[in-house]
Every structure is written in structure tokens, then in C-alpha cells.
Amino acid sequence: MDKDKTKNPNQNSFLMHILTNRASSMTLAVILALLFTSLLVWIMKVNPISVFDTILSGAFGSTNNFTQVIQAWVPLVLASLGLMFTFTAGLWNIGMEGQIVMGSIFSYGIIRIFDGSDVSSALVIILCILAGIIGGAIWALLVGLLKNFGGVNEIFGGLGFNFIADAIMLFLVYGPWKPEGVANGSTKMLETRFWLPQVEGTYLSLWALGIAIVSVIVVTVILQGTYFGLKLKAVGKNNKSSFLLGIHTNRYMLLAFVLCGVLAGLTGALQVTGFNHVLRNNISGGYGYIGLMVGMLANIQPLITAPIAFIFIALSKGAAGLGIDLKLDSNLAGVIQGALVIFVLIMDGVRKVLNKRNKGVQSG
Amino acid sequence: MFSKRIWTLVSLLVVMALVLAACATPTAAPVAVETEAPVAVTEAPVAATEAPAEPFIIGILTVGPITDNGWSTANYLGAVYAQSKIEGAELIYAENVNVAANPNTTAAQFAEQLLEKGANVIIFNSDDMKDGVTEFTAAHPDVPVIWLTGDFAWEDGKRYQPDMKSESDVFAKMEYGKMMAGCAAALTTKTGKIGFLGPLINDETRRLAAAAFLGADYCWKSIRNETTPIDFKVTWIGMWFNIPGVTLDPTQVADTFYTDGYDVVISGIDSTEAVTEAKKFRDQGEDVYAIQYDYEKACDVAPDACLGVPYFNWGVNLLPVIQSVKDGTYTRQFIWSDPDWSDINNPDTSPIGFKKSEGLSAENGALLDQFIGELAGGLNLWKGPLNYQDGTEFLADGVEATDQQIWYLPQLLEGMTGDSVAK
């Protein structure tokens, strides 16, 4: 085999170098996503530079803005981390949204029990978070059980459970848990003693931030530094071979769902006690779905989820100012996020195809 | 040949360059306004040594889009009115401040953004923003906040918050407007069945639905001299506007009303489904109508299908409060004001009005004017004997309701069908 790459005519071109190198192809994907978004904005007769300027200023223009980004990063990174388990096991946990909702319902339920009691608020908050974790885990386990024992694809099972969780939420906030005399899709606000402490003058809870950072480390260690992580990866790469090699694949898939549910439930609990301080419809905030995009870009590397989630949430929070400054819909951030994912996936696919072809040429 | 390492380095440099380029233009974000020109600094010689005048900025959060032809449009135009009357004032706004459109940014956080852009006073336009008002005023106790529809500043109210010293509540007695709507419906209906397309259930919506019923009942019995009771049905959709998958679909609810023989539907929500559906049914030969809400021009989408609209002139009440902020004389207020009975459609004096539409016949229009005249003359429909929906006594014979009894009406009234509280 001729190992001299210069003999492959494809690899001589400047473009080929860009397309076949992971870092440069990803950079190109980002540039293409930005150009695509700029084109859209330009068609809307708005200066793209002012759009990006507004987003950056909305995300980082002040201490308050920055703390809002950090605060919103917490639930997104937790959701994305949870999905690392199911992605590693080769599963698509579309049910993450419902699991966040159930986590929030369980955690709010616990606080309701202790509302007006003399029990220490710290204890109640801890119980609330544990309850959220249990709620999310149960909801995820149900999806896993349906898949393993009912043969229901986890995508359909997850979607179904999302709808059920939403229905339960609506029933509660418009029914037994509604504030007295009011039905507006939200419970009454928690007593402030049940809020996770916030940095004065901001909406940021350092406790929530700490939980998120610890979670990044723990998930990284589990997936990249333990036999469990290795076996889970094996299950995801080749389920049949793993089974033949003695791995209880069903058990590992269930565990992946449960661990994902744990982080989803934790997200829900923090949404209640750390951020919203109420239970309300749409409390999951779409973090389950955005987490899927983050997870796809992170390529099953937990540490990478942290910066990607940060970029995504900075885009979201920064874009909230688009409506104020430029009269653009803040959902433009979703367009940028979606474009990023699509172009990264496209460039990744192109890179793999070209590398495979180059390998074939060299082998031939 | 480029090595992979060089490519990695180049890629990183490109990313860094992009980031630096983006960060290198730290211009203050432009403030979106219906602005007046900033104070010129080049014309007068003295301007060279004096700092330009600080703009006075009004900020408003709207729960829906400012183009909803309903609640948010009316609120926004009220703020525009105030801005136009205050010299040098600018206006900034954030729209769609609701959990469906912006699930991860609270009303308080939107208010923070307005504050950062220099807002001197911030208007929260929805009862749904109660938690946002609470959080924001706690974080910024000295920033003047106006909560439209709120009652935190009402010393005699149940939710009085003495610590919120910079928060004011502004509202107008739309109960009168709803009575006019109910009257117009009762004068027009041929089936004797009136539907009320309700939003979510709370104190405000209950009393407005009840007011519409009182107006309808009065005109049905006293002007039309009907002896059978009027059929007045309330269906709540669960929110001020349609949220697919969360609320009942107001289009379907309006359709059901018309299909079931309710030939006039009074809209209590912030969007225009009732009149749009009335138009659709009329195009099929049905003789049905709707009555809109909130915004003076809300009937314009289908004038012939609309009897009229009780609407707000928010600017009338917003202007003095905002002016006092600018003048430095602001004090906390609770405003829940009557219409200007000398001319309810005067945009400079009456905080609520009623605009007739093409669907209302000339004869019924005259009868409605007669009813409005009676209200102006002191007719009080919140007067006993009145019972709650469950049959228990609300007001004994001859007793007039207090403002507190009206504001915090706990149930619908006897004679109305529909839920008084969410089940």
C-alpha cells in the first residue's frame, strides 16, 4: 500500500484539507450556519451584524445578562448530560421533556406537603430535589420497560409519555394545585424559604450551578472512566455482540434510561426550586429537545456538552433582546441552533465519506 | 502540504477571530422606540459643553404580540399615547412575554432587560405577570412599576403588598363596558342564547363575565320586556389566547356556540376568533354575531359580523402616572377608574369606551345608547337581590356591592351557566 498521501489527487486540494480534518470541517460548519442565518436575516432586511451584536450583548453585555445565561445553562447542561447515557447506549430518549415535567411535579408535590410546616427549609429542598430525581427516573424507566418488554420503540414511547406528563401537569395546575380562585396554568409561588438561595441581585443560584458542575464531572467519570461506561458504550456500538459477550444489554439499556431520568428529574426539581418557584405548564422549557441537539453536537463526550450547552443557551438568552432591539422574533436563536446542528451533521457526514473514500483510494 | 496540526491551529484562529470580531463592536444595543429625535448637540453652541439630555424611557412588557388587535395592542397604544404626550419620552417594549413563546425567560427577566436599556418606568401588562412583578419589585424596590389589572397597591384589597412601595396598579372599570356588550347581545339575539368566550378563571374574568350577564339580563328584561330568562353560557378556554395543546381551541369553542344556537358570542379573550368565526357562519347564511374586546379596532376584521367592542383607552390612566415619574412626584397608586360618562369614546378622557360596529342595527344602537345613558345616570346593576351561581345570597334586596365584592367576586351569578372555578 502506498502511504504517500500526496499521490492521492483528492488530497492535494485546499478544500479537501478543510473537509477531511475534523476541527476545520466543524469550523466550516459553524461559518456556514452563521452565513445561512445571516442570509435569512438579510432577506428580512435586517443587518446581520446588528443581529449578532444584539445577541452577544444580550448574553454578555452586563453582569445581569451573563448570570441569566449561567442560570439557564444549568438545566440545559443537566438535560444534555442525561442524554449522554442514552446516546451512549444507542438510544434516543425523546421522552426527556416528560421526565423533566415529572421531576418538577414530584418536587413541587413534596414542597406542597411541607408548605406551612416547621420543617427545616434546607431539608425540604433536599427532599424536593430527591423527589424530582425519583419522578424523572420513574418516568424514564417506564419508557425503557416499554422498549425492553413491550417492543415499543423508545422514540414513540418517549413521545407518548411526554404527552401524558403534560396532561398530568395541566390537570394539576388547572385543578387541585391551582391557586385559590384562579386557574391560569400556574400554581402559587413557593415561599421564598423553599427557593434555592440566589446570588443577591441576580436570578442565579450557586447551589444549582454547583450541582451542574459536579454532574458534568460525575457523568464524565462514569462514562469515560468506569467499566459501566465501557459496557454501556459496547451496548450502544453493537447490541448483539455485547449480548454475546455476556453483557446484560437489557439491563444496561434500562440503567441508561434511569440515569437519564435522574438528571431529567434533577433538572425539573431545579426548575421548581431554583428558577421558576412555581409549577406551571411548559416548565420543561424545551430543554429536553435542545439537549438532544447539544448531545448530537457533543458526540457523546460529556465534557464537551458543557461548552456547547453554554453556546446554545447564550444564543437563546441573547436572542431575547432581538424583539426589544430589532423587532425580530427571539425564536431566531432556534434557527441558529438548528442550522448549527444541521451543518455540523452535514460536514461530519461529508468528512466521513471523504475519509472513507480516501482510505479506499490508498488501499486500492 | 498542510499537516492536521496546522489545520487545527488555523481553525482555532478562525474561531477566535470570529469571536474577537464580534466582541470588537461593543456598541450599545440600539433602543427600539417610536422615538422623538434625540437632543441635538451640534446646533446650539452651549450643547458642546453640556451633556445631552437624558431620555425618559417608558418600558412595557406585553403578554402577547403588540399586533394582536386585542389586549396587547390596546396596552401598547396606551403607552404610545403617554409617550406622545410626554416631551422627550421614548418607548421600548418586549412582546410575547409568556411561557408558551418564551419558556425560559420570565417576565422579571424581560423587565431587567428593559431596565438595562434605560427604562425609567416599567409596565407589566398582564395579570399573568403577577410573579414577575413580585420578583422584579423585590430586586428593584425603587424602580417605578405599573401593573395593569393588578391590586398589590390597593390598601383595601386582599392582595395588598405594603412593601412594594414603587408599584402602582392601573385599571379601568371595564365592567361597564361588558355590561354594554351584554346589552348589545341581548338586544340582538333572536334565540335568546348568548355565549361568553372566557379566558382563564380568576377574579377579573369572573366579574367581567358577570358584568356582561348583568347587562344582558337587564336589557333582555327591561328594554326588550322578555319574560323568559336569557340563556347565558360561559366557556373558559384556559388562557387569554390560544395555546395549542394547552388551552381549548377558541375557534372550536366559538363554532360550538354558533352551532348550538348561541347567535351572539361575547369574547372575553384577547384575540379575534369569535368574530372571525361569526364571519364564517354568516358567509354560510347564518345570522350570528360576535362582540369583541380590548381594542377599539378589533371589529375591523369583520365589521358586519361584529356588534361592537368595549375597549380600553389605557393612555388616559397611564399618562398621569408616567408623567409623575418623569416629574419626580411619583407616588404609589391604585387606579380603577370609571368611564367619562359625558363622552365614553373621548380618547383623552375616558379610559374605557364602546365602539359600535356594522352588525348592530340602528334601532338596537339607539336602545344601547339609552342603556348607556341609564348607566351614566347612576343605574347600578351590582345591586340586590342577586345570588351567586350556587343559589346562595350575594346581595340582599336593595344592597349595592362594594368595590371589594365586585373585584373579588368568588362565583358567577345565578342565571349563568359555566364554571365558576376551575375543576
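Note that this is a predicted model, so its numbers are computed, not measured. (Residues numbered from 1 in each chain as written. Chains lettered and ligands numbered in written order. Predicted model: local features only at pLDDT ≥ 70, side-chain atom pairs only at ≥ 80, totals over all residues.)

Residue and element names in this part refer to chain A. Taken domain by domain, chain A comprises domain 1 (1-46 + 329-364) and domain 2 (47-327). Each of domain 1 and domain 2 has a C-alpha centre, and the two are 31 Å apart. On the domain 2 side, the residues contacting the 13 residues of domain 1 number 16 residues. Listing elements by their share of the side of domain 1 that touches domain 2, those giving two or more residues are α2 (22-43) and α14 (332-363). For the side of domain 1 that touches domain 2, the residue count by class is nine nonpolar, three polar and one charged. (Domains from an automatic or database assignment. Contact = placed C-beta atoms within 7 Å. Helix = DSSP H or I, 4+ residues; strand = E, 2+ residues; numbered from the N terminus. Nonpolar A, V, L, I, M, F, W, Y, C, P; charged D, E, K, R; others polar.)

Time to look at helix α9 (residues 227-237) of chain A. Each full turn of the α-helix corresponds to 3.6 residues, which orients residues three or four apart in the same direction. Residues and elements named next belong to chain A. Where α9 is concerned, the buried positions are K231, L232, V235 and G236. One face of α9 carries all of its buried residues, which in axial projection span an arc of 145°. Exposed and facing more than 90 degrees away from the buried side of α9 are Y227 and K237. Contacts made by the buried residues of α9 are with α4 (63-88), α10 (239-244) and α11 (249-276). (Buried ≥ 20, exposed ≤ 12 C-beta atoms within 10 Å, placed from the backbone. Arc of directions from axis to C-beta.)

This paragraph deals with the environment of I335(B). All names here are of chain B. As for its placement among the helices and strands, I335 is situated in strand β11 (residues 334-337). With 17 residues separating them along the chain, I335 and L318 place their C-alpha atoms 9.6 Å apart. When sequence neighbours within four positions are dropped, the list of residues in contact with I335 reads D169, V170, F171 and N317.

Glancing now at the domain arrangement of chain B. One widely used convention gives an interface's size as the accessible area the parts lose upon coming together. Residue and element names in this part refer to chain B. Per the domain assignment, the segments making up chain B are domain 1 (45-172) and domain 2 (174-312 + 354-417). Taking only C-alpha atoms into account, the centre of domain 1 sits 30 Å from that of domain 2. At the junction of the two partners, domain 1 supplies 18 residues and domain 2 supplies 20 residues. Here the side of domain 1 that touches domain 2 gets five residues from one element, more than from any other, and that element is helix α2 (residues 71-85).

A word on the pairing of strand β7 (residues 231-236) of chain B. All names here are of chain B. Bridge analysis of strand β6 (residues 193-198) against β7 gives six bridges, and the strand direction is parallel. Each bridged residue has a counterpart across the sheet, and for F196 the counterpart in β7 is V234. Between β6 and its parallel partner β7, the chain crosses via helix α6 (residues 203-223), and the hand of that crossover is right-handed. Where β7 and strand β15 (residues 416-417) come together, two bridges link them in parallel fashion. (Pairing = 2+ DSSP bridges. Right-handed = clockwise from strand over helix to strand, strands pointing away.)

What follows is about unusual backbone geometry. All names here are of chain B. The amide bond that connects G384 to the next residue, P385, takes the cis arrangement and shows omega of 10°. Of note, P385 is situated in the loop between α10 (362-376) and β13 (386-387). Of note, the phi angle at T149 is positive, near 85°, even though the residue is not glycine. Considering the arrangement of structural elements, one finds T149 in the loop between β4 (145-148) and β5 (167-172). By the C-beta count within 10 Å, which is 22 here, T149 ends up buried.

Further remarks concern the sheet that holds β15(B). Residues and elements named next belong to chain B. Taking strand neighbours across the sheet as the criterion, the seven strands line up as β12-β10-β9-β8-β6-β7-β15 in an open arrangement whose pairing is mixed. Strand pairing shows two members of the sheet lacking a second neighbour, β12 (352-356) and β15, which therefore form its edges. As paired strands, strand β10 (residues 306-312) and β12 are joined by five bridges and run antiparallel to one another. Bridge assignment links V309 to a residue of β12, and that residue is K355.

The subject of this paragraph is helix α8 (residues 206-225) of chain A. Residue and element names in this part refer to chain A. Spanning 20 residues, α8 covers 27 Å between terminal C-alpha atoms, matching the ideal 28 Å at 1.5 Å per step. Turning to α8, its buried residues are A208, A212, S215, V219 and L223. Buried residues in α8, looked at end-on, bunch into an arc of 60°, giving them a common side. In α8, the exposed positions that point more than 90 degrees away from the buried face belong to G210, V214, I217, V221 and G225. (Expected span 1.5 Å × (residues − 1).)

All names here are of chain B. Of all residues in chain B, 87% attain a pLDDT of 70 or more, and the chain-wide mean is 87. Contacts from residues 6-49, a stretch scored under 50 in pLDDT, to residues over four places away or in other chains number 50 contacts. What the predictor reports for the complex is a pTM of 0.81 with an ipTM of 0.77. (pLDDT = per-residue confidence, 0-100.)

Residue and element names in this part refer to chain B. Direction vectors running N to C along helix α5 (residues 174-188) and α6 enclose 45°, while the axes themselves pass 6 Å from each other. As judged from the angle between their axes, α5 and α6 are oblique. The crossing of α5 and α6 is right-handed. From α5, M174, E175, K178, M179, M180, A181, G182, C183, A185, A186 and L187 reach across to α6, where they touch R207, L208, A211, A212, F213, L214, G215, A216, Y218, C219, W220 and I223. (Axes fitted to C-alpha atoms, helices over the stretch in contact; angles between N-to-C directions. Parallel < 35°, antiparallel > 145°, perpendicular 65-115°, else oblique. Left-handed = near helix turned anticlockwise from the far one by under 90°.)

Glancing now at the sheet that holds strand β1 (residues 56-61) of chain B. Residues and elements named next belong to chain B. Within the open sheet, the six strands sit side by side as β2-β1-β3-β4-β5-β11. Their pairing is parallel. Lying at the two open borders of the sheet, with one neighbouring strand each, are β2 (89-94) and β11. Each adjacent strand pair in this sheet contributes to an overall mean axis angle of 20°, direction not counted. The pairing of strand β3 (residues 121-124) with β4 spans three bridges and is parallel. Note on β4: the bridge partner recorded for F124 is W147.

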